[in-house]
Amino acid sequence: MFDKILIANRGEIACRVIKTARKMGIKTVAVYSDADKHALHVEMADEAVHIGPPAANQSYIVIDKIMDAIKQTGAQAVHPGYGFLSENPKFALALEAAGVAFIGPPVKAIEAMGDKITSKKIAQEANVSTVPGYMGLIGDADEAVKISGEIGYPVMIKASAGGGGKGMRIAWNDEEAREGFQSSKNEAANSFGDDRIFIEKFVTQPRHIEIQVLCDAHGNGVYLHERECSIQRRNQKVVEEAPSPFLDPETRKAMGEQSVALAKAVGYASAGTVEFIVDGDRNFYFLEMNTRLQVEHPVTELITGIDLVEQMIRVANGEPLSITQDDLKINGWAIENRLYAEDPYRGFLPSIGRLTRYRPPAEGPLGAGIVRNDTGVFEGGEISMYYDPMIAKLCTWAPTRLEAIEVMRNALDSFEVEGIGHNLPFVAAVMDHPKFIAGEMTTAFIEEEYPEGFEGVTLAEAELKRVAAAAAAMNRVAEIRRTRVTGRLGNHERRVGSDWVVSVQGAQFETSIDADHDGATVSFADGSKLRVEGNWTPGDNLARMTVDAVPLVLKVDKITQGFRLRTRGADLKVNVRSPRQAELSALMIEKLPPDTSRLLLCPMPGLIVKINVEVGQEVQEGQALCTIEAMKMENILRAERKGVVAKINAGPGDSLAVDEVIMEFE
Amino acid sequence: MKDILQELQDRRENARLGGGQKRIDSQHAKGKLTARERIELLLDEGSFEEYDTFVAHRCTDFGMENNRPYGDGVVTGWGTINGRMVYVFSQDFTVLGGSVSDTHARKICKIMDMAVQNGAPVIGLNDSGGARIQEGVDALAGYAEIFQRNIEASGVIPQISVIMGPCAGGAVYSPAMTDFIFMVKDTSYMFVTGPDVVKTVTNEIVTAEELGGASTHTRKSSVADGAFENDVEALAEVRRLVDFLPLHNREKPPVRPFFDEVDRIEASLDTLIPDNPNMPYDMKELITKVADEGDFYEIQRDFAGNILTGFIRLEGQTVGVVANQPMVLAGVLDIDSSRKAARFVRFCDCFEIPILTLVDVPGFLPGTSQEYNGVIKHGAKLLFAYGEATVPMVTVITRKAYGGAYDVMASKHLRADVNYAWPTAQIAVMGAKGAAEIIHRADLGDPGKIQAHADEYEDRFANPFIAAERGFIDEVIQPRSTRRRVAKAFAMLRNKSRQTPWKKHNNIPL
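Only a predicted model underlies this, so the values are computations on that prediction, with no experimental measurement involved. (Residues numbered from 1 in each chain as written. Chains lettered and ligands numbered in written order. Predicted model: local features only at pLDDT ≥ 70, side-chain atom pairs only at ≥ 80, totals over all residues. Heavy atoms only, no water.)

Draft legend 1. Local environment of the domain arrangement of chain A. All names here are of chain A. Its domain assignment divides chain A into domain 1 (4-103), domain 2 (105-131 + 205-329), domain 3 (133-201), domain 4 (332-456), domain 5 (461-482 + 496-586) and domain 6 (599-665). Just the C-alpha atoms count here: the centres of domain 2 and domain 3 sit 25 Å apart. The partner domain 3 presents 19 residues to the twelve residues of domain 2 that form the contact. Between domain 2 and domain 3 the total buried area reaches about 1,300 Å² when both faces are included, carbon and sulfur atoms providing 49% of it. The three residues of domain 2 that bury the most area against domain 3 are K116, I117 and N235, which together make up 47% of that side's buried surface. Linking E200 and K120 is a salt bridge whose minimum nitrogen-to-oxygen distance equals 3.2 Å. (Domains from an automatic or database assignment. Contact = heavy atoms within 4.5 Å. Buried area = accessible area lost by both parts, 1.4 Å probe. Salt bridge = Lys/Arg side-chain N within 4 Å of Asp/Glu carboxyl O.)

Draft legend 2. Spatial organisation of the UniProt feature "domain: CoA carboxyltransferase C-terminal" (unreviewed entry) in chain B. When the UniProt feature table is mapped onto this chain, "domain: CoA carboxyltransferase C-terminal" (unreviewed entry) is found at residues 261-504 of chain B. When the span residues 261-504 of chain B is considered, its composition is 36% helix and 18% strand, and the gap between its end C-alpha atoms is 44 Å. (UniProt positions renumbered as here; feature names shortened; annotations may be inferred. Helix = DSSP H or I, 4+ residues; strand = E, 2+ residues; numbered from the N terminus.)

Draft legend 3. Main features of the packing of aromatic side chains. Residue and element names in this part refer to chain A. For the coordinates displayed, the defined rule picks out 29 aromatic pairs over all chains. Residues Y386 and Y387 carry aromatic rings whose centres are separated by 6.2 Å and whose planes lie at 55 degrees to one another, so their mutual orientation is tilted. A residue is classified by how much of its surface remains accessible, and Y386, at 34% relative accessible area, is partly exposed. Judged by its relative accessible area of 3%, Y387 falls in the buried class. (Phe/Tyr/Trp six-rings, centres within 6.5 Å; stacked < 30°, edge-to-face > 60°. Buried < 20%, exposed > 50% of the residue type's maximum accessible area, 1.4 Å probe, protein only.)

Draft legend 4. Structural view of the pairing of strand β31 (residues 562-567) of chain A. Residues and elements named next belong to chain A. With five of six residues buried, β31 is to be regarded as a mostly interior element. Looking at chain direction, strand β30 (residues 550-559) and β31 are connected through five bridges and run antiparallel. Each bridged residue has a counterpart across the sheet, and for K558 the counterpart in β31 is F563. Hairpin connection between β30 and β31: a loop of two residues separates the two successive antiparallel strands, and Q561 in this loop has a positive phi of roughly 50 degrees. Relative to strand β32 (residues 570-577), β31 runs antiparallel, the two sharing six bridges. Across the sheet, the residue bridging to L565 is L572, located in β32. The hairpin turn running from β31 into β32, its antiparallel successor, is two residues long, and R568 in that turn takes a positive phi close to 50 degrees. (Pairing = 2+ DSSP bridges.)

Draft legend 5. Focus on the domain arrangement of chain B. All names here are of chain B. Along its sequence, chain B is organised into domain 1 (1-244), domain 2 (267-425 + 463-493) and domain 3 (431-462). Contact residues are listed per partner, giving four residues for domain 2 and five residues for domain 3. Taken together, the two surfaces of domain 2 and domain 3 that pack against each other cover about 400 Å², and 44% of this comes from carbon and sulfur. Together, Y402, N463 and I466 form the three largest contributors to the area buried by domain 2 at its contact with domain 3, with a combined 91%. For the interface between domain 2 and domain 3, the tally reads zero salt bridges. Across the domain 2-domain 3 interface, the total number found is three residue pairs in polar contact (both at pLDDT 80 or more). Classifying every residue of the side of domain 2 that touches domain 3 by side-chain character gives three nonpolar, one polar and no charged. (Polar contact = N/O pair within 3.5 Å; in protein donor to acceptor, adjacent residues only side chain to side chain. Nonpolar A, V, L, I, M, F, W, Y, C, P; charged D, E, K, R; others polar.)

Draft legend 6. Molecular detail of the layout of surface pockets. Residue and element names in this part refer to chain B. Here the second largest pocket defines a volume of roughly 1,900 Å³. Considering the residues around the second largest pocket, the lining is formed by 49 residues, among which S154, R343, R346, C350 and I508 are closest to the centre. Grouping the amino acids of the lining of the second largest pocket by side-chain chemistry returns 21 nonpolar, 15 polar and 13 charged. Viewed by domain, the lining of the second largest pocket spans two of them, domain 1 (1-244) and domain 2 (267-425 + 463-493), each represented by three or more residues. (1 Å grid on protein atoms, 1.4 Å probe; cavity = no way out; pocket = protein on both sides within 12 Å on 5 of 7 lines; lining within 4 Å. Points joined across faces, edges and corners; volume = space filled by probe spheres on them.)

Draft legend 7. Representation of the interface of chain B and chain A within the structure. Contacts between the two partners involve 45 residues from chain B and, on the opposite side, 36 residues from chain A. Buried area between chain B and chain A, summed over both chains or domains, comes out near 3,300 Å², and the portion from carbon and sulfur atoms is 55%. Sorting the residues of chain B by area buried against chain A places N82, V232 and F259 of chain B first, and these three jointly supply 17% of that buried surface. On the surface where chain B and chain A come into contact, there are seven salt bridges. At the boundary of chain B and chain A, one finds 18 residue pairs in polar contact (both at pLDDT 80 or more). Mapped onto the side of chain B that touches chain A, the elements with two or more residues apiece are α2 (21-29), α3 (35-42), β2 (74-81), β3 (84-91), α10 (231-242) and α11 (283-290) of chain B. Take the side of chain B that touches chain A: its biggest share by element is seven residues, from α10 of chain B. Looking at the side of chain B that touches chain A residue by residue, the class counts come to 15 nonpolar, eight polar and 22 charged.

Draft legend 8. The environment of A271 of chain A, seen in detail. All names here are of chain A. Residue position: A271 is located in strand β13 (residues 271-278). C-alpha separation for the pair A271 and F445, spaced 174 residues apart in sequence, amounts to 29 Å. Those residues in contact with A271 that lie beyond four places of it in its chain are Q212, V213, L214, T291, R292, L308 and M312.

Draft legend 9. Spotlight on α3 of chain B. Where burial is concerned, most of α3 of chain B is hidden: seven out of the eight residues are buried. Every buried residue of α3 of chain B is listed here: A35, R36, E37, R38, I39, L41 and L42 of chain B.

Draft legend 10. Layout of unusual backbone geometry. In this structure, the amide linkage connecting A242 of chain A to the following residue, P243 of chain A, adopts the cis form with an omega of -5 degrees. You can see P243 of chain A is positioned in the loop between β12 (236-242) and α9 (249-265). Positive phi values are uncommon outside glycine, yet Q505 of chain A reaches one of about 55 degrees. Residue position: Q505 of chain A is located in the loop between β25 (499-504) and β26 (507-515). The phi dihedral of N82 of chain B is positive, around 50 degrees, even though this residue is not glycine.

Draft legend 11. A look at the environment of D72 of chain B. Residues and elements named next belong to chain B. Tracing the chain through its elements places D72 in the loop between β1 (49-51) and β2. By relative accessible area, D72 is classed as buried at 0%. On a C-alpha basis, the gap between D72 and A436 in space is 70 Å, while along the polypeptide they are 364 residues apart. The residues contacting D72, other than those within four sequence positions of it, are V55, A56, H57, V95, L96, S99, S101, T103, H104 and R132. A polar contact is formed between the side chain of D72 and the side chain of S101, at a distance of 2.4 Å.

Draft legend 12. Representation of the UniProt feature "domain: CoA carboxyltransferase N-terminal" (unreviewed entry) in chain B. Under the UniProt annotation, "domain: CoA carboxyltransferase N-terminal" (unreviewed entry) lies at residues 1-257 of chain B. Counting secondary structure, residues 1-257 of chain B comes out at 40% helix and 17% strand; the distance between its end C-alpha atoms is 49 Å.

Written out as structure tokens, the structure is:
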């Protein structure tokens, strides 16, 4: 076995690989850019080598720098993680030349599968069904529009070297095809240094289901069943699970066997993933093969008990697989939520900055299942603009899907992330979405279920009442503490009353609290009662309560006359007032937030790439106004309604902060 | 007997109705509460003891003798906030527009005299059309009697003003002399002369809101210390402030039970200071991570953001915080921030509130606009305030402490008690590059040499150890243990006593 391996990656995946290496008794070498000097993966590794400036194209994807680090540390093998150099055949070749093992498939397999056009041809030759499309390369936007028209809209425009949603666009008409071609090409050039683009038919009502395969260098191969990754935003996976609630055993077996056959056809030896689109009739079409460890591999590990990183290392070491297909049963259900530093209330735009608070739920048993959290960040760490804005991959496992979802809900409720915008409220909302619960989702789930974007969660009456009961009980504790201040006028102390009116989400609950040693019984005006227990004290950021013995976990911030409470994706302003205070509050005039509808505000910190309009120009709803680059993604800001541009306050090259005014309308 | 009791009852009910239901409705329609409703929200339920309910004016001019409502436009008395005594007056806009008459002023003076004698804060809820013109000089005399009491009470008891309606002309000077002014957004304004006079005299056209609304006074003039959305929120937040304040100047600040570990470690503070010395960070994060339960009551949040002032608690006891904010103008000291912090430091010193100073200051802001406007004297205010303070003072230098600004920010030399520095501290006369350019003027033409000199200067001074060698820094501490260190320092200083030479009063550079 290797004595020392280098991990040519950063963030959670570097940490993930280090964990397994450590378990196997292998020393680890981390590499880091200037931006990652204090990163967790550097801390965790036995050795760390600095490889240059923050931008990945000057550090993490510079082959020479990684090779130098290998030489410097004497690492015998390299795990590439995902992204960066993981599917770069030149890197694999360089390692081969240097006599260093690549913990991944052979160069030939990477080359064969790495290019989406070639891989599709090979799949076709291997009798795997594929999606209709144009296999050649496309020269310019006009050609893109022409080909799109021939295939028939909608079409998918993809970067040949792409992955992870970058350089990928869906076009529903000529105009979008033209625009999508340009942005894909630009993004592809920026992200992969390869701007080749191809176009294929976009299958509607599709589900994204992928097969995990594992092959050794001795001709053995198995499949570790499927993962369903249909919940995606802009082709970026957000929620993944294993197994899929949609596949039947026959389909699973057919997909699995075809995947293994395909892997074997290219001499595959490592862990790999064969991605399929599956339509409503369970027809599946080969999409691509990812010749690396996938982001979402933990869900497969959780249902199979196989450590995929360990298997990859063993295969790279030349060992034959010790598992056979018969060993691979599906045990229970696993779900993964990707927590991204993307603000769901601002169209999921990247949010960078300091994690002033980062407290994930404890890993291990929770409720009916277990929690696993793969992360590369820590409290006080930075989400930088240079890399993928992922904070963590929160996974839960339980014997059944519904239990796994329930464990996930509770884990999300107690996951504290502050300092940056993040999608935790959104994934929490998905966990409560009836279609998700029923397992009825397609890759258009987010687009269809949140057409206006994510506007927060509205709690149903019963859940709201539970929150109100908890808030009333918590407020009583806080108010009693206030009366214990020194300097009181003896015998004239304030007595905290038992009647409190809770206002939340437009509803009012008149409550009466009967507190005792263990908690409080909260009575409502309709005669119902709820029993609240928990050991919350003022200042606690997390209230772990039970309401009628059902857990309720709340994130708590103090506000005037009450709390800001967050639970189940809802972000609630909860006022708790005495009946008289409530009566007088009702006389206050509701103030409307200032009108920003005639301004185009910068939705994220970023760089203006292009201003598409001029002062005085009339714009139509949906028309592109300007392009902002942030997190390596080009984001086109569009007009929300018809209008005339009155003033433009920024130009290309300007670096803007959130909410800076880019342009004003008449 | 029963009839007599009924008579009292009737008169009380009459008084409580103020200016009558119609005017009360009109007050409500504007989103404003009545004088008595405001007192209800300010004080503990049922704790209000009213005095002078039946006072009426004595004016006989202009038909005023026919309109003598009970209370004369102001409700006065005392009550408790979380069991602690406060005096309150609440002007009643429904009664003669809350205008100030001789008797109205006398009511206010009466409770102010009680407050000073008995040692409890005065909270004024201002909602008044101004002087009662029918009374002429009697009304002006009334104002001045209030002013004189504001002045005498200053530094003896905390005085808080809440502007909840108009406050114009001479009326503004009573709040101006109290310790804190809060305003209600959209329904309150303060100015010496109103928009009509402004227009006549200067031809400026300006609305009352622009001239003296909450936004103007919290952001531009710094007359107000805070603004709130509505009456209910304003009064709730005043209650919260009172929880921090001692009742008078002979009392230690209050202590209340707290639910936080004194030795709580905050590992994330170790990474608060960015690698790049020119990158900002949010000093508020340090404040909230040091404070009990993360609770920070900020004063003048919207003004001179380059310095932060406000109250926290450590081990349940109030501590005033002054902190440079690198997020705004790199945390530089200028006229506005010096004035803001100086006034806050002096308030704390008046009322025995210990002061925690967090330092990351690159110096004083250069420029003609600063010099022409007297940054020398304004900056000196903060220096003076720290230097005269005798309350416990603990200072933590997190990063830059350059030049005169190092001296000003509660340095050892100004008799701060415990001066800590983080290992990231840089205590020097100026930044390394500037210093190198002055010391090695001859090498100015050679950027390479200057850089080498700058590096040399940085190696020598860009750390806290030179100052620590001299004892100007008592200890270099781990950022993560700041809360424990600071809390222990204040615990050690609980019985601090420092005498200063007798004087009538000092002559702070106003």
